[in-house]
Amino acid sequence: MAAELRLMIPTKESVEPDDRQLIQIIREGEPEAFEQLVRRKTTKVYSLCYRIIGNAEDAKDISQLVFIKLWENLEKYDAAYAFDTWLYRMVTNVAIDFMRNKQSRENAVNSSLRLVKTSTDPEQGVVVQRKEIENVFHAVSAVLSPKQKTIFVMREMDDLPSAEIARILGCRESTVRNHLFNARKLMQAQLKKKFPEYSRLWEERA
Amino acid sequence: MSDAELLEHLRGCDACLDHAMAVDPDNFFRAIGGQELVPPGGVDAFASDVMTQIRLRHTEGSVARRLLIAPRRLAAAAAVVIAIGISALVYDRNTTRPAAPPAAPVVQLATKPVVETYDSTGATIIEVPVEGKNDTQVVMIFDESLPADL
C-alpha cells in the first residue's frame, strides 16, 4: 500500500517535460520555456565547445551562438529524431566553422600554451594532473583538422559511439573511424615532438 | 561493471588510470572527458545572457521588418496611384478623341474608260492616259485566268 501511495505522488522527474515535450511547449507559444531548455543543455553544449575549441571565453561565445541558432531553427526540428543528435549537429557545425577561421585557431593554440605554463601547481595533486592532460591535449590537438578534433572529442571525451557521431556529422561510420585513426596517429607524433615524457606510453606498448 | 562505469572510475582514480594507460595508451586523453563543464559565470548567468540576446535579436528583427514593410507599403501605394493615373489618362483620351478624318474622296474620271466591261474576276485593267487626240490609246489587261499562249 505504501508503495502504491508513493507511486501516486508526482515526483519532480515525472512533472518535468522531456526535450521533445519542451520543444512542443515552446512551439505552441511559450517562448519562456526556451530558457528551461537552455539551462538543461548548457553544460552539455559548453563542454563539447570547450573541448573542441580549447578556450573558455570562445567556448562560451560559441555556446551562446549555438542556442541562438537553436532558437531561430527550432521549427525545423523533426521530433522523429533524438533532440541531442540534432543539437550536437548544430554545436559541431558552429564549432567547426569557428575553428576553420585561421585567426581563431591561432588563438586557441596560444591560449592552451599559456594554460600549460600556469597549471603546474604541485599543491593541487590530481586536479593538476587532469588539467595537465587537458593542456597537453589542447597543445597537441592543434595539428588536427577541425573535423578530426571534433570527432576525437566526441568519441574519446564524450564517449559517443561511432554510429552516433556519424549521425551527428551526417557521414558514414567508416569515415568517423578513419578520422579517429588519423587523429590518434597525428596526436601521437605531436606528443612525441612536444611532450616526449608522455609519448613513452605509446612507445612502450609498441 | 559497464564500459561507461569503468571509464568514469578511471577518470577519478589515478592508479587505475595509470594501469589502463599502460594497457592502452589511448586512455590517456580519455581521462579528461566525462565530466560536464560549467561556463564562466555559471549556468544561470549564461542562460540569462542567451535569453537577453534572443530578445534583442527579436526586437531588432521586428524593427527591421517594420522598416522593410514601410517602403513596400509606400511602393504599393505609389503603384496604385500610378495605375489610377494611367487609367484616367487613357479614359480621357478615349472620350475626347477627335473625329476620324473623312474618307478619301472618290475621284471622278473625266473621260470614259476604253474598256467598260470585262467578264473576269481578279483582272487588272490599266489604261495609259494620252496627251493628245492623235496618240494611240494603250490599254493593259493583266488576267491570270487567260491562257499563256494567247
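All values derive from a computational prediction rather than experimental measurement.

How each quantity is defined
Position labels on residues start from 1 in each chain and follow its written sequence. Going through the entries in the order they are written, you letter the chains from A and number the ligands from 1. Given that this is a predicted model, residues contribute local features only at a pLDDT of at least 70 and side-chain atom pairs are listed and counted only at 80 or more, while totals for whole chains, interfaces and linings are drawn from all residues. Helix and strand labels come from DSSP, where a helix needs a run of H or I of at least four residues and a strand needs a run of E of at least two; each type is numbered from the N terminus. Between the buried cut of 20 or more and the exposed cut of 12 or fewer other C-beta atoms within 10 Å of a residue's own C-beta lies the partly exposed class, and all C-beta atoms are placed from the backbone. A pair of residues counts as a contact when their C-beta atoms, built from backbone coordinates, are within 7 Å of each other. Side-chain classes are defined by residue name, with Ala, Val, Leu, Ile, Met, Phe, Trp, Tyr, Cys and Pro counting as nonpolar, Asp, Glu, Lys and Arg as charged, and the others, Gly among them, as polar. By definition, a nonpolar core groups buried Ala, Val, Leu, Ile, Met, Phe, Trp, Tyr and Cys residues that are joined through C-beta atoms within 7 Å. For helices, the axis comes from a line fit to the C-alpha atoms of the stretch in contact; other axes are also lines fit to C-alpha atoms, and the angle between any two N-to-C directions lies between 0 and 180 degrees. An angle below 35 degrees is read as roughly parallel, one above 145 as roughly antiparallel, one from 65 to 115 as roughly perpendicular, and any other as oblique. Left-handed describes a crossing in which the near helix is turned anticlockwise from the far one by less than a right angle; the clockwise case is right-handed. Along the chain, pLDDT gives the predictor's confidence residue by residue, from 0 to 100. Note on pairing: DSSP must find at least two bridges between two strands before they are called paired.

K.L.:
What should I look at first to understand the overall build of chain B in this one?
P.N.:
From N to C terminus, chain B includes 4 helices and 2 strands. Helices (α) and strands (β) of chain B occur, in sequence order from the N terminus, as α-α-α-α-β-β. In chain B, buried positions account for 11% of the 150 residues. Looking at chain B alone, contacts between residues at least 24 apart form 15% of all its contacts between residues at least 6 apart.

K.L.:
Please clarify how the overall build of chain A should be interpreted in this entry.
P.N.:
Scanning chain A from N- to C-terminus turns up 12 helices and 0 strands. For chain A, the sequential pattern of α-helices and β-strands runs α-α-α-α-α-α-α-α-α-α-α-α. In chain A, which comprises 206 residues, the proportion classed as buried is 33%. When contacts within chain A are restricted to residue pairs at least 6 apart in sequence, those whose partners lie at least 24 apart make up 60%.

K.L.:
Honestly, unusual backbone geometry in this entry has me stumped. Any pointers?
P.N.:
One can expect most non-glycine residues to show negative phi and most peptide bonds to be in trans. Positive phi is not limited to glycine here, since Asp159 of chain A has a value of about 55 degrees. Here Asp159 of chain A lies in the loop between helix H9 (146-157) and helix H10 (162-169).

K.L.:
How should I be thinking about the interface of chain A and chain B in this particular structure?
P.N.:
How big an interface is tends to be reported as the loss of accessible area on association of its parts. Listed as interface residues are 31 residues of chain A and, on the opposing side, 27 residues of chain B. Mapped onto the side of chain A that touches chain B, the elements with two or more residues apiece are helix H4 (33-53), helix H5 (56-73), helix H8 (126-140), H9 and helix H12 (196-205) of chain A. Looking at the side of chain A that touches chain B, the element that brings in the most residues is H4 of chain A, giving 9 residues. Here the residues of the side of chain A that touches chain B are counted per class, giving 14 nonpolar, 6 polar and 11 charged.

K.L.:
Is there a simple way to explain the nonpolar core in this structure?
P.N.:
Looking at soluble globular proteins, one finds that nonpolar side chains tend to be buried together. Residue and element names in this part refer to chain A. By size, the foremost hydrophobic cluster in this structure holds 54 residues, and its most contacted members are Cys49, Ile53, Ile62, Val91 and Ala95. For this core, the element with the most residues is H4, which contributes 10 residues. Not counting residues within four places of it along the chain, the set of residues in contact with Val91 comprises Val45, Leu48, Cys49 and Val66.

K.L.:
How should I be thinking about the packing of helix H6 (residues 83-100) of chain A against H9 of chain A in this particular structure?
P.N.:
In a pair of packed helices, the angle between the axes and the distance between the axes together describe the arrangement. Residue and element names in this part refer to chain A. One way to put it is that H6 packs onto H9 with a least axis distance of 9 Å and a crossing angle of 140 degrees. If you check the angle between H6 and H9, you find them oblique. Judged by the twist between their axes, the crossing of H6 over H9 is right-handed. Contacts from Thr92, Ala95, Ile96, Met99 and Arg100 in H6 reach Pro146, Lys147 and Thr150 in H9.

K.L.:
Teacher, can you tell me more about the environment of Leu6 of chain B here?
P.N.:
Residue and element names in this part refer to chain B. Inspection of the secondary structure puts Leu6 in helix H1 (residues 3-10). We classify Leu6 as exposed; it has 12 C-beta atoms within 10 Å. Between the C-alpha atom of Leu6 and that of Cys16, which follows or precedes it by 10 residues, the distance is 9.7 Å.

K.L.:
Please explain the confidence of the model for chain A as it appears in this structure.
P.N.:
If pLDDT is low for a region, its predicted coordinates should not be looked at in detail. Residue and element names in this part refer to chain A. Across chain A, the average pLDDT comes to 80, with 75% of residues at or above 70. Predicted confidence for residues 1-10 stays below pLDDT 50, and this span has 1 contact to residues more than four positions away or in other chains. pLDDT under 50 marks residues 113-126. Its contacts with residues more than four places away, or in other chains, come to 12 contacts.

K.L.:
I keep staring at the confidence of the model for chain B and nothing clicks. Help me out?
P.N.:
Overall, the predicted model of chain B reaches an average pLDDT of 76, with 77% of residues at or above 70. With pTM at 0.61, the complex prediction returns an ipTM value of 0.72.

K.L.:
Before we go on, may I ask you to explain the pairing of strand S1 (residues 124-128) of chain B in this structure?
P.N.:
Residues and elements named next belong to chain B. Little of S1 sits inside the fold, with 0 of its 5 residues counted as buried. Here S1 runs beside strand S2 (residues 138-142); their pairing, made up of 5 bridges, is antiparallel. Pairing of Thr124 across the sheet is with Phe142, part of S2.

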